[in-house]
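Observations on the model geometry
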Amino acid sequence: MGDLTSGLVVQGGAAAILSAVVMLILVGRLVPRSVLEDVRADRDAQLAELRAERDSWKAAHATSEEARHLDQDSVRELLEVARTTEHLMRALPSPKAMVEGVSDALDSGLAPQT
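Residues numbered from 1 in each chain as written. Predicted model: local features only at pLDDT ≥ 70, side-chain atom pairs only at ≥ 80, totals over all residues. Heavy atoms only, no water.

**Let's talk about the overall build of the chain**
This is how the line gets drawn: The helix count covers DSSP runs of H or I at least four residues long, the strand count covers runs of E at least two residues long, and both are numbered beginning at the N terminus.
Along the backbone of the chain there are four helices and zero strands. Secondary structure elements of the chain, listed N to C terminal, follow the sequence α-α-α-α.

**Some words on the pattern of salt bridges**
It is possible for side chains of opposite charge to pair when their charged atoms get near one another. Note the threshold: A pairing counts as a salt bridge when a side-chain nitrogen of Lys or Arg comes within 4 Å of a carboxyl oxygen of Asp or Glu. Categorising residues by exposure relies on relative accessible area from a 1.4 Å probe, with only protein chains included: less than 20% of the type maximum marks a residue as buried, more than 50% marks it as exposed, and the intermediate range marks it as partly exposed.
This model, assessed by the stated rule, comprises six salt bridges. Between Asp55 and Arg54 there is a salt bridge; the shortest N-O distance is 3.3 Å. According to the relative accessible area criterion, Asp55 is partly exposed, its value standing at 41%. On the accessibility criterion, Arg54 (44% relative accessible area) is partly exposed. Salt-bridge contacts for Arg76 lead to Asp73; the nearest nitrogen and oxygen are separated by 2.9 Å. Here Arg76 and its partner Asp73 are both found in helix α3 (residues 33–91), three residues apart, which amounts to about one turn of the helix.

**Remarks on the environment of Thr85**
Put simply, the rule is: Polar contacts here mean pairs of N or O atoms no more than 3.5 Å apart (in protein, one a potential hydrogen donor and the other a potential acceptor; neighbouring residues in sequence count only if both atoms are side-chain atoms).
Looking at the element boundaries, Thr85 is found in helix α3. Residue classification places Thr85 among the partly exposed positions, given a relative accessible area of 39%. A polar contact is formed between the side chain of Thr85 and the backbone oxygen of Val81, at a distance of 2.8 Å.

**Topic: helix α2 (residues 14–27)**
Note the cut-off: Expected helix span is taken as 1.5 Å per residue step, with the number of steps being one fewer than the number of residues.
Between the first and last C-alpha of α2 there are 20 Å, a value that for 14 residues agrees with the 20 Å anticipated at 1.5 Å per step. Looking at the residues trailing α2, positive phi occurs at Gly28, about 100 degrees.

**Comments concerning a nonpolar patch on the surface**
Using the following cut-off: Each patch is built from residues that are more than 30% exposed by relative accessible area and take part in no salt bridge. Like charges join if they lie within 9 Å; nonpolar side chains (Val, Leu, Ile, Met, Phe, Trp, Tyr) join within 5 Å. The protein chains shown are the only cover counted for residues, whose accessible areas, like all others here, come from Shrake-Rupley with a 1.4 Å probe.
On the surface, Ile17, Val21, Leu24, Ile25 and Leu30 cluster together into a nonpolar patch covering about 360 Å² of accessible area. With respect to the helices, strands and loops of the structure, Ile25 is situated in helix α2.

**Here's the deal with the confidence of the model for the chain**
The line we're drawing: For every residue, the predictor reports its confidence as pLDDT, a number between 0 and 100.
Residues of the chain with pLDDT of at least 70 account for 75%, and the chain-wide mean is 83. No element of the chain has a lower mean pLDDT than helix α1 (residues 2–11), which averages 60, and none a higher one than α3, which averages 96.

What follows is the structure in structure tokens.
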């Protein structure tokens, strides 16, 4: 860049430098500080918004996982109750055996022989 600037000063003087600055402004390579600060502020606001959204998704995931674990524990308990109930129901004598006079649950429902 130093060679370009020194070449412009030697050959065209101040008018060449001024025209180079004007060209940089028109092309968009040279912007005022206020514009740069506005662009940076917009970028920082977008990043903050994305961070907040990310944090809310993380919190939602944590809540979902906690609820899933609670559901798993509840299902585990309900399955144990169902197994206990099944064992209890199988241990009870059948209604047919009770009618025929057999009331012992260990007889497996056989009627007494006469």
